[in-house]
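Chain residues, written in single-letter form:
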Amino acid sequence: MQFRQQALDKLRSPEDLELPARLARPQGRLALSVTLAVMAAASVWAVTGSVTTTVGAPAVLSHGRGSYVLQSPVTGQVTEVLAGEGDRLAAGAPVLEVRTAGGDALVRAVEAGRVTALAVTAGAVLQTGADVAAVEKVSDPDAPLLATVYVPAGRAAEVREGDRVDLTVQTAPASRYGVLRGTVTSVERRARSARAVASFLGDAQLAARLTEDGAPVAVTVALTRSSSTRSGYAWSTEDGPPFRLDSMTPATASVRVADQHPVDWLLP
């Protein structure tokens, strides 16, 4: 009771009313100013700033025109293989010689291109329609390479023309040579079936791996050219690998998709 009375007497004292009220210490005002400045900056960034995300997907380097599977038009036994993997063929160039019941026959290339795979050897017995080779459609050996990225259909809508792409090439370890640079030039509107991918690549097994999680959307990436590297393309390292790149080389792409504004995450 005594303490209560003392508190009431202190409040009634007129001397206390004349004392200035202290709102905050200087340190407190400084902390408040810093907090307000940080909040203001965060609000501006939420409206004008952006966050970059990536979409990862498998890719294949090629000349962009696709491939075709060469099939035997005759039944018989292969007596000689006239072309090898990596060879460039003109349209109509012989690939195999086959001994048939009616005599020797040649299996010829349908279009000009480069042999990327041979499925037969001398002595093999062929049936009409059997696959004998995969040929990439390219006539100019200096034609630039492209990358076809097989983006999952559920994320394809995020990818747009102009997005930057980093490619980890299977034959050039990123830990040593860095990543290959590129830019998205087109995005297909429809997903590709396993059959369509196999037809384009000329490789059913590779197509099966690329479509094992569903039909993907094909995204075309132009590789950034460079006159200062051995490969002729720009890498995240200064020199890149000390060799030229081959078409039909598998890679893994990381597409830096269009930036998203953080404020969008808060809106319903």
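So, how was this worked out
Residues numbered from 1 in each chain as written. Predicted model: local features only at pLDDT ≥ 70, side-chain atom pairs only at ≥ 80, totals over all residues. Heavy atoms only, no water. Pairing = 2+ DSSP bridges. Helix = DSSP H or I, 4+ residues; strand = E, 2+ residues; numbered from the N terminus. Axes fitted to C-alpha atoms, helices over the stretch in contact; angles between N-to-C directions. Contact = heavy atoms within 4.5 Å. Salt bridge = Lys/Arg side-chain N within 4 Å of Asp/Glu carboxyl O. Buried < 20%, exposed > 50% of the residue type's maximum accessible area, 1.4 Å probe, protein only. Phe/Tyr/Trp six-rings, centres within 6.5 Å; stacked < 30°, edge-to-face > 60°. 1 Å grid on protein atoms, 1.4 Å probe; cavity = no way out; pocket = protein on both sides within 12 Å on 5 of 7 lines; lining within 4 Å. Points joined across faces, edges and corners; volume = space filled by probe spheres on them. Nonpolar A, V, L, I, M, F, W, Y, C, P; charged D, E, K, R; others polar. Polar contact = N/O pair within 3.5 Å; in protein donor to acceptor, adjacent residues only side chain to side chain. Core = buried A, V, L, I, M, F, W, Y, C linked by side-chain atoms within 4.5 Å.

## Some words on the sheet that holds strand E10 (residues 146-152)
Strand pairing in a sheet relies on backbone hydrogen bonds, with the paired strands running either antiparallel or parallel.
And then number 1: Strand order in the closed barrel formed by six strands is E1-E10-E13-E12-E11-E14, with antiparallel pairing between adjacent strands. When strand polarity is set aside, the average angle formed by the axes of neighbouring strands in this sheet is 40°.
And then number 2: Bridge count between strand E12 (residues 180-191) and strand E13 (residues 216-223): six bridges; the pairing is antiparallel. Considered in E13, the bridge of valine 187 is made with valine 219.
And then number 3: Across the sheet, helix H5 (residues 194-201) is in contact with strand E1 (54-62) and E10; its angle to E10 comes to roughly 170°.

## A short note on the pattern of salt bridges
And then number 1: Evaluated as defined, the whole model comprises eight salt bridges.
And then number 2: Put simply, arginine 181 and aspartate 166 hold a salt bridge, and the shortest N to O gap is 2.6 Å. Of this pair, arginine 181 sits in strand E12 while aspartate 166 sits in strand E11 (residues 164-169), and the two are 15 residues apart along the sequence.
And then number 3: With its nearest N and O atoms 2.6 Å apart, the salt bridge here joins glutamate 188 to arginine 192.
And then number 4: The class of arginine 192 is buried, set by a relative accessible area of 15%.
And then number 5: Because the salt bridges share partners, they merge into one network encompassing Arg65, Glu111 and Lys137.

## What about the pairing of strand E5 (residues 94-100)?
Residues in a regular strand project their side chains so that they alternate between the two faces of the sheet.
And then number 1: Bridging between strand E3 (residues 76-81) and E5 involves four bridges; their strand directions are antiparallel. Within E5, the position partnered with valine 78 by the bridge is valine 98.
And then number 2: Here E5 pairs with strand E6 (residues 103-108) via six bridges, running antiparallel. Within the sheet, the bridge partner assigned to arginine 99 lies in E6 and is aspartate 104.

## Observations regarding the packing of aromatic side chains
And then number 1: All told, the structure shown has one aromatic pair when counted by the stated rule.
And then number 2: Consider the rings of tyrosine 177 and phenylalanine 243, whose centres lie 6.2 Å apart with planes at 80°: the pair is edge-to-face. With a gap of 66 residues between them, tyrosine 177 in helix H4 (residues 174-177) and phenylalanine 243 in the loop between E13 and strand E14 (249-256) connect regions that are remote in the sequence.
And then number 3: Here phenylalanine 243 falls in the partly exposed class, since its relative accessible area comes to 29%.

## Observations regarding the layout of surface pockets
Empty space among the atoms can be located by rolling a probe the size of a water molecule over them.
And then number 1: Here the largest pocket is characterised by a volume of approximately 490 Å³.
And then number 2: Surrounding the largest pocket, 24 residues form its lining, Thr116, Ala117, Ala134, Gly202 and Asp203 being those nearest its centre.
And then number 3: Only strand E7 (113-118), strand E9 (131-136), H5 and helix H6 (204-210) provide two or more residues apiece to the lining of the largest pocket.
And then number 4: Broken down by element, the residue count for the lining of the largest pocket peaks at five residues, all from E7.
And then number 5: For the lining of the largest pocket, the per-class residue count stands at 13 nonpolar, five polar and six charged.
And then number 6: Taken as a whole, the second largest pocket holds about 260 Å³ of empty space.
And then number 7: Lining the second largest pocket are 16 residues, with His63, Pro141, Leu145, Arg244 and Leu245 positioned closest to its centre.
And then number 8: When the residues that make up the lining of the second largest pocket are grouped by side-chain class, the tally is six nonpolar, four polar and six charged.

## A word on the side chain of serine 247
And then number 1: If you trace the backbone, serine 247 turns up in the loop between E13 and E14.
And then number 2: Here arginine 114 takes part through its side chain, which lies 2.7 Å from a polar atom of the side chain of serine 247.
And then number 3: One polar contact links serine 247 to glutamate 136, side chain to side chain, over a distance of 2.5 Å.
And then number 4: Discounting chain neighbours no more than four positions away, the residues touching serine 247 are Leu61, Ser62, His63, Arg114, Glu136 and Leu145.

## Re the environment of glycine 56
And then number 1: Along the chain, the position of glycine 56 falls in strand E1.
And then number 2: If sequence neighbours within four positions are ignored, glycine 56 has contacts with Pro152 and Ala253.

## What about the nonpolar core?
And then number 1: Membership of the largest hydrophobic core comes to 28 residues, with the highest contact counts inside it found for Val149, Val151, Leu167, Leu180, Leu223 and Leu245.
And then number 2: Listed by contribution, the elements that provide at least two residues to this core are E1, E10, E11, E12, E13 and E14.
And then number 3: Leave out the neighbours within four places in its chain, and leucine 167 touches Ala59, Ala147, Val179, Leu180, Leu223, Ala251, Thr252 and Ala253.
And then number 4: Formed by 17 residues, the second largest nonpolar core is a distinct cluster that contains Ala83, Val120, Leu126 and Ala133.

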